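The lines below spell out each chain.
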Amino acid sequence: MTQRDFPNLTVVMHPLVQHKLTYLRAAETTTDTFRRLVREISQMLAYEVTRDLPMETLNITTPVASFDSPVIAGKKQCIVSILRAGNGMLDGLLELLPSARVGHIGLYRDPATLEPVEYYFKVPEDVAERAVIVVDPMLATGNSAAAAIDRLKECGCTGIKLVCLLAAPEGVSNLLKHHPDVPILTAALDEKLNDHGYIVPGLGDAGDRMFGTR
Ligand code: URA
């Protein structure tokens with residue numbers, strides 16, 4: 001499967017993203033380097049996901065002339081992290097969107113069913129008035145992302161986007177079926193899921209590698 005099979009998917013093929021992703025995948029990459037790479041890639045994905053932000057002009061005076069100059073218009077941003085691995089992506093996005101609000105949704109995968117179970121939900125009160133960027137490094141089955149987006153839509157959110165580091169075709173199809181209005185931005189579309197629900201070739205357990213828990 002390729003990006004062309006999925007109208008909801010954008011794969012960021014920028015050489016810097018792809019180079020950093022290679023070292024992120026490598027099993028010998030240390031925890032500190034892994035964290036740094038996640039932050040750097042997330043920053044570049046933030047650049048891409050904000051590419052279509054609406055603009056307006058602001059009249060300013062330069063030292064030379066008065067000038068109608070472009071600034072970002074429209075809704076303010078809220079970044080929603082799917083715990084726990086989504087937190088590793090927050091700093092990178094916040095570097096480019098420093099005044100964004102942040103929400104957290106705690107979901108774990110039931111190891112038997114691979115279905116998401118919610119244990120935490122905290123988003124800004126005005127989340128429905130904000131453009132929402134959901135971050136989850138690994139779009140595997142897509143069940144957690146779909147459940148998180150369900151909850152955000154229950155809160156009145158529209159204009160939701162999903163940013164991940166790696167996506168499996170199964171996860172992208174799941175999102176396309178349940179949330180076709182939600183664009184997905186990723187650094188790579190991998191081959192498949194294995195029997196344990198891991199992305200292949202993937203990078204292993206993103207949370208464990210980020211936080212050094214295994
Ligand atoms: N979550 C991970 O951390 N890695 C995968 O490969 C799939 C889900």
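Residues numbered from 1 in each chain as written. Predicted model: local features only at pLDDT ≥ 70, side-chain atom pairs only at ≥ 80, totals over all residues. Heavy atoms only, no water.

**Q** How do you make sense of the state of the cysteines when you look at a structure like this?
**A** Here a disulfide denotes one covalent bond, and it connects the sulfur atoms of two cysteines. Evaluation of the coordinates by the stated rule reveals zero disulfides. Note on Cys157: no disulfide assigned, nearest cysteine sulfur contributed by Cys155 at a separation of 5.7 Å. Left without a disulfide partner, Cys164 is nearest to the cysteine sulfur of Cys78, which lies 18 Å away. (Disulfide = S-S within 2.5 Å.)

**Q** Hey, could you run me through the packing of aromatic side chains in this one?
**A** Given two aromatic rings, their pairing is described by the distance between the two centres and the angle made by the two planes. Across all of its chains, the model carries one aromatic pair by this definition. Seen in terms of ring centroids, Tyr108 and Tyr119 are 6.2 Å apart; in terms of plane orientation they differ by 35 degrees. Their pairing is tilted. Residue Tyr108 is found in strand β5 (residues 101-109), and its partner Tyr119 is found in strand β6 (residues 116-122); the two are separated by 11 residues along the sequence. A relative accessible area of 48% places Tyr119 in the partly exposed class. Above the ring of Phe121, the side-chain terminus of Arg151 is found at 3.9 Å from the ring centroid. (Phe/Tyr/Trp six-rings, centres within 6.5 Å; stacked < 30°, edge-to-face > 60°. Helix = DSSP H or I, 4+ residues; strand = E, 2+ residues; numbered from the N terminus. Buried < 20%, exposed > 50% of the residue type's maximum accessible area, 1.4 Å probe, protein only. Lys NZ or Arg CZ within 6 Å of the ring centre and 35° of its normal.)

**Q** I would appreciate a short explanation of the nonpolar core in the present structure.
**A** Formed by 35 residues in total, the largest nonpolar core has its most connected members in Leu24, Ile41, Leu45, Met89, Val135 and Val163. Of all the elements, helix α2 (residues 31-49) adds the most residues to this core, at eight residues. One finds Ile105, Leu139, Ile149 and Val172 within the second-largest nonpolar core, a separate group that totals 28 residues. (Core = buried A, V, L, I, M, F, W, Y, C linked by side-chain atoms within 4.5 Å.)

**Q** Looking at this structure, how should I read the site of the ligand?
**A** Taken together, Arg109, Met138, Ala140, Gly197, Tyr198, Ile199, Gly204, Asp205 and Ala206 form the complete shell of residues around the ligand. Between the ligand and Ala206, the relevant distance is 2.8 Å, taken from an oxygen atom to a main-chain nitrogen or oxygen of the residue. Here the ligand has 240 Å² of accessible area as a free molecule, and 88% of this is covered by the chains. Across the shell around the ligand, the residue classes break down as five nonpolar, two polar and two charged. (Near = heavy atom within 4 Å. Polar contact = N/O pair within 3.5 Å; in protein donor to acceptor, adjacent residues only side chain to side chain. Areas by Shrake-Rupley, 256 points an atom, 1.4 Å probe, with all protein chains shown as cover. Nonpolar A, V, L, I, M, F, W, Y, C, P; charged D, E, K, R; others polar.)

**Q** How do you make sense of a nonpolar patch on the surface when you look at a structure like this?
**A** A grouping of Leu58, Ile60 and Phe67 is seen on the molecular surface, where their side chains present a nonpolar patch of about 260 Å² in accessible area. Judged by relative accessible area, which is 45%, Leu58 ranks as partly exposed. (Patch = residues over 30% accessible without salt bridge, like charges linked within 9 Å, V, L, I, M, F, W, Y side chains within 5 Å. Salt bridge = Lys/Arg side-chain N within 4 Å of Asp/Glu carboxyl O.)

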